[in-house]
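Chain residues, written in single-letter form:
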Amino acid sequence: MTLKRKHFMIAVLSGLSFLAMGHGLTANAKSDNAPTIANVVFKPTNETNLTNYVYDTVDPSSQYFHHYLSPDEFAQKFGQSNRYVAAFKTYLKKYHVNADVYGGNLSLKVSGTRNNVNRAFNATYVTEKGTHKSRTTYKLPAHLSNHVLTVMGLYQSKPTVNKPVNRQSHSKKALTQLRSSSVSSPTQTDDTKPDTTLSGDRFSKKYGALKFAKQYQLTALYDKGLKGQGQRIGIISSGDFHNSDLTTYWKQAGVNNDLSHIHKIYTVDSRKDVQKRLDFAVNGAQIEATLDVQAASSVAPKADIDFYIGDSTDDLTNAPTAHYMSFMQAISDNIDQQLSTSFAPTAEVQSRWHDYSATMAQYNHAFNLMLEQAAAQGITVFRASGDNGPRDDVTLAKENHAFSTSPYQVIVGGTTLPYTKTINHKVVTVAKECAWGSNITATPAQIEAGKIGGSGGGFSALNPTPRYQQGISGVNTFRAIELLKIQRKSHKYTISKHPKIITGINNGRNLPDVAGNADIQTGYALYFSGNQVRFKQNKLHSVLKKVWMMDGGTSYTSPQMAANAVMNSGRTTSIGFWNPQIYKFAQQADSPFTVLDGTNNHNLYYTGQPGKLYNQATGLGTINFDKLSRKFDQETNDK
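Residues numbered from 1 in each chain as written. Predicted model: local features only at pLDDT ≥ 70, side-chain atom pairs only at ≥ 80, totals over all residues. Heavy atoms only, no water.

Undergrad: Would you explain the nonpolar core in this entry?
TA: Generally speaking, nonpolar side chains in soluble globular proteins are found buried as a group. If you look at the biggest cluster of nonpolar residues, it comprises 116 residues, and the most contacted ones within it are Leu-218, Trp-578, Phe-625 and Leu-628. The dominant element in this core, judged by the number of residues it contributes, is helix H14 (residues 360-376), at ten residues. Grouped together as the second largest cluster of nonpolar side chains are 20 residues, Tyr-84, Phe-88, Leu-92 and Leu-144 included. (Core = buried A, V, L, I, M, F, W, Y, C linked by side-chain atoms within 4.5 Å. Buried < 20%, exposed > 50% of the residue type's maximum accessible area, 1.4 Å probe, protein only. Helix = DSSP H or I, 4+ residues; strand = E, 2+ residues; numbered from the N terminus.)

Undergrad: Would you mind going over the sheet that holds strand S28 (residues 606-607) with me for this structure?
TA: Backbone-to-backbone hydrogen bonds pair the strands of a sheet. The strands run either parallel or antiparallel. Pairing within the open sheet is antiparallel, and its three strands lie in the order S22-S19-S28. In the strand order of this sheet, the two ends are held by strand S22 (501-505) and S28, each with one partner. The sheet contact formed by strand S19 (residues 477-481) and S28 spans two bridges and is antiparallel. Bridge pairing in S28 places Ala-480 opposite Tyr-606. (Pairing = 2+ DSSP bridges.)

Undergrad: Would you explain the side chain of Asp-513 in this entry?
TA: Among the structural elements, Asp-513 can be located in the loop between strand S23 (510-511) and strand S24 (514-517). The class for Asp-513 is buried, based on a relative accessible area of 0%. Excluding its chain neighbours within four sequence positions, the residues that come into contact with Asp-513 are Gln-409, Val-410, Ile-411, Tyr-468, Gln-469, Asn-579, Ile-582, Tyr-583, Thr-618, Gly-619, Leu-620 and Gly-621. (Contact = heavy atoms within 4.5 Å.)

Undergrad: Looking at this structure, I do not really get the packing of helix H10 (residues 243-253) against helix H12 (residues 284-299). What am I missing?
TA: Any two packed helices are characterised by how steeply their axes cross, that is the angle between the axes, and by the distance between the axes. Two elements in contact, H10 and H12, have axes whose closest approach is 10 Å; the angle formed by their N-to-C orientations is 40 degrees. Relative to H12, the element H10 lies oblique. Helix-helix and strand crossings are classified by hand; for H10 and H12 the assignment is right-handed. Note on element contacts: H12 touches H10 through Gln-286, Thr-290, Val-293, Gln-294, Ser-297 and Ser-298, opposite Asp-245, Leu-246, Tyr-249 and Trp-250. Its residues assigned to classes, the contact of H10 with H12 shows four nonpolar, five polar and one charged. (Axes fitted to C-alpha atoms, helices over the stretch in contact; angles between N-to-C directions. Parallel < 35°, antiparallel > 145°, perpendicular 65-115°, else oblique. Left-handed = near helix turned anticlockwise from the far one by under 90°. Nonpolar A, V, L, I, M, F, W, Y, C, P; charged D, E, K, R; others polar.)

Undergrad: Any chance you could explain the sheet that holds strand S8 (residues 148-152) here in plain terms?
TA: In space, the four strands of this open sheet follow the order S4-S5-S3-S8, with antiparallel pairing throughout. Looking at which strands have only one partner, the edges of the open sheet turn out to be strand S4 (98-101) and S8. Between one strand axis and the next, the sheet turns by 20 degrees as a mean value, whatever way the strands run. Pairing of S4 with strand S5 (residues 107-113), which is carried by four bridges, proceeds in the antiparallel orientation. What sits directly across from Val-101, in S5, is Leu-108. Lying on the sheet, helix H13 (residues 319-333) is in contact with strand S3 (35-42), S5 and S8; it crosses S3 at an angle near 65 degrees.

Undergrad: Can you walk me through the packing of H13 against H14 in this structure?
TA: At a minimum axis distance of 10 Å, the contact between H13 and H14 shows a crossing angle of 15 degrees. Between H13 and H14, the angle falls in the class roughly parallel. H13 and H14 meet at a crossing whose hand is left-handed. Of the residues in H14, those in contact with Pro-320, Thr-321, His-323, Tyr-324, Phe-327, Met-328 and Ile-331 of H13 are Tyr-363, Ala-366, Phe-367, Met-370, Leu-371, Gln-373 and Ala-374. Within the contact of H13 with H14, the residues separate by chemical class into eleven nonpolar, three polar and no charged.

Undergrad: I keep staring at H13 and nothing clicks. Help me out?
TA: The periodicity of an α-helix, 3.6 residues per turn, causes residues three or four places apart in sequence to face the same way. Compared with the 21 Å implied by 1.5 Å per residue over 15 residues, the 21 Å span of H13 between its first and last C-alpha is a close match. Asn-334 occupies a position one or two residues after H13 and carries a positive phi of about 55 degrees. (Expected span 1.5 Å × (residues − 1).)

Undergrad: Would you explain the environment of Tyr-527 in this entry?
TA: Position of Tyr-527 relative to the elements: it lies in strand S25 (residues 524-536). In this structure the C-alpha to C-alpha distance between Tyr-527 and Thr-290, which are 237 residues apart in sequence, comes to 7.9 Å. Beyond its immediate stretch of four places on either side in the chain, Tyr-527 contacts Asp-245, Thr-248, Tyr-249, Thr-290, Gln-294, Lys-546, Val-547 and Trp-548.

Undergrad: Help me understand the pattern of salt bridges, please; the structure alone is not making it clear to me.
TA: When the charged atoms of two side chains lie near each other, side chains of opposite charge can form a pair. All told, the structure shown has twelve salt bridges when counted by the stated rule. A salt bridge links Arg-114 to Asp-32; the nearest nitrogen and oxygen atoms lie 2.9 Å apart. Of the two residues, Arg-114 sits in helix H4 (residues 114-120) while Asp-32 sits in the loop between strand S2 (16-20) and S3, which places them 82 residues apart along the sequence. Its relative accessible area of 3% is what places Arg-114 among the buried residues. (Salt bridge = Lys/Arg side-chain N within 4 Å of Asp/Glu carboxyl O.)

Undergrad: Is there a simple way to think about the confidence of the model for the protein in this case?
TA: Parts of the model with low pLDDT should not have their predicted coordinates read in detail. With 90% of its residues at a pLDDT of at least 70, the protein reaches an overall mean of 89. Contacts for the low-pLDDT stretch residues 2-29, under 50 throughout, to residues beyond four places or in other chains number 107 contacts. Counting interchain partners and residues more than four positions distant, the pLDDT-below-50 stretch residues 162-190 has 56 contacts. (pLDDT = per-residue confidence, 0-100.)

Undergrad: What should I look at first to understand the packing of aromatic side chains in this one?
TA: In this description, an aromatic ring pair is defined by two values, namely the gap between the centres and the angle between the planes. Under the defined criterion, the tally for this structure stands at 34 aromatic pairs. Measuring from ring centre to ring centre gives 5.3 Å for Phe-42 and Tyr-84, while their planes differ by 75 degrees; the resulting arrangement is edge-to-face. Of this pair, Phe-42 sits in strand S3 while Tyr-84 sits in helix H3 (residues 82-93); the two residues are 42 residues apart in sequence, bridging distant segments of the chain. In this structure, Phe-42 and Tyr-84 share a single accessibility class: buried. Through a chain of ring-to-ring contacts, the aromatic side chains of Tyr-324, Phe-327, Trp-353, Tyr-363, Phe-367 and Phe-403 assemble into a single cluster. Lys-421 extends its terminal NZ or CZ atom over the ring of Tyr-419, reaching a point 5.5 Å from the ring centre. (Phe/Tyr/Trp six-rings, centres within 6.5 Å; stacked < 30°, edge-to-face > 60°. Lys NZ or Arg CZ within 6 Å of the ring centre and 35° of its normal.)

Undergrad: Can you help me understand the environment of Ser-460 in this one?
TA: Within the secondary structure, Ser-460 sits in the loop between strand S18 (458-459) and S19. You can call Ser-460 buried: its relative accessible area is 6%. For the pair formed by Ser-460 and Glu-348, sequence separation is 112 residues and the distance between their alpha carbons is 7.9 Å. Every residue in contact with Ser-460, bar those within four places of it in the chain, is listed here: Glu-348, Thr-405, Asn-507, Gly-508, Arg-509 and Leu-511. At 2.9 Å, the side chain of Ser-460 forms a polar contact with the backbone nitrogen of Asn-463. (Polar contact = N/O pair within 3.5 Å; in protein donor to acceptor, adjacent residues only side chain to side chain.)

Undergrad: Can you walk me through helix H19 (residues 625-638) in this structure?
TA: For H19, built from 14 residues, the straight-helix expectation of 20 Å at 1.5 Å per residue is met to within 8% by its first-to-last C-alpha distance of 20 Å. Along H19, the residues that are buried comprise Phe-625, Asp-626, Leu-628, Ser-629, Lys-631, Phe-632 and Glu-635. Taken together, the buried residues of H19 touch helix H8 (209-215), helix H9 (219-223), helix H17 (563-568), helix H18 (579-585), strand S27 (593-594) and strand S29 (622-623).

Written out as structure tokens, the structure reads:
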């Protein structure tokens, strides 16, 4: 799910429409005295050495194999010096700006009033030539600026705008927005709800973790007593969830309902402010957060969950900076051997970029460095590939993807499990697991809205082909079918009656890396609750709704990679950076992956190529976790 711009929105999720409080006020609504947060990203002392070290940690022939670093060791080896960081903090203190360094010395979190932060960075408003967009440039003293990669989160308003800002209360703003919005009631039909007369293992096998575990051979590890004990899983989110929703789901699915295993870390706004918004109304970020923690905690039921909440509704900073901060906090804390996220700050397209001071390329570079630090510390990172095929933003005619497409994470795509159903008055049969592309099962309403589900995948516009993908058959070549055409004026899809087949070559980081069940037709159960807010007779009315529903999307496949914690629970050292290892395993005779190379395996555009290992809809394919765990163990034992 892409983080929404800061506004109220109507969130539509699988037929449910709710008023969703998005991410607050826009940046230009800040007053000079309002608090703000920015991040200074430092260059590593030697980026080439850092990249080589990351690969060495998962190379059994290297002396650094599984020689993972603590954040302090990382700082000594690759981060900026404590002396330099101290000088930066001293400089900022002169402007009454606070600064806290993240472990590893690659980033500094700065906070203060917007006026003081802008003074410290000599922030200047600049209008980009040929556009109506503005940027915020900054200037630092030479002894500090030489080691700065970028500053993200700065915002300087146009100098001629001096009108005071009326910061309305949440309820008043909600009233204003609701007057011009129609909020429909939740609607469900019997086939969109799980059968809650089932419980425990019966429920889980049909709708939950045991369904996932059986399909992808994780049950073999459960049978060995491996269920994530001794492990911690970090989830990066932009929303909070109700603990009661989690315990309700656990009770239904037969999962140990011990809330002491769940730890919430608020990385931007305070716990009090975030939970106040959570209690006000159901929102899209809450639903995403809820499914993330329900999925991860049930796949690895004995692991602890550290839930990093980067909610910036009060406009302390923008969505990209909040996302970066949550990751940086988790990596700095260094208590989680696996991190996952279903969120992205934007699509990988410059026109959708929402940071005023850091360019998209600079942010991408900063994100890559941060995830290299994670890999050097032995942390495996997973990210959802997106749910709209090759376009995360369906209003754009060109290929784009959920940000970030960093090569230092495992990007997880989607598939459809076998089924036979009557859909849209047609009998639809899927004989065996295939790539997720819902052009056949899309309803008229979904087609009208231009929202047709499919596994995110294709080619990154920002990151080159990483070394572990080079030479893999199917990588940088493609076969595609033009099933959908986007109308440039209406930004809506039409389904081609006679789709063309296209083949060719491309370059860049290919995504995803692996895939798992994500189609709502074969999806999973979700439970959440909250106030449905409606505007009636000039007043806000809220009604508590408790909802069981069936859902899908790569927002499930990413947290289900908590299976990594299950594998790690039987090991003395963590698995670490997956990607160089899994691309090597995929080429071996006893591969742990089921390749989806058939031409019917498509994500609304990219298809499989018969005989090729890689498919831009599903990556290397689906995972046999029993085999994969043994492959990882063999690497360690052979060393």
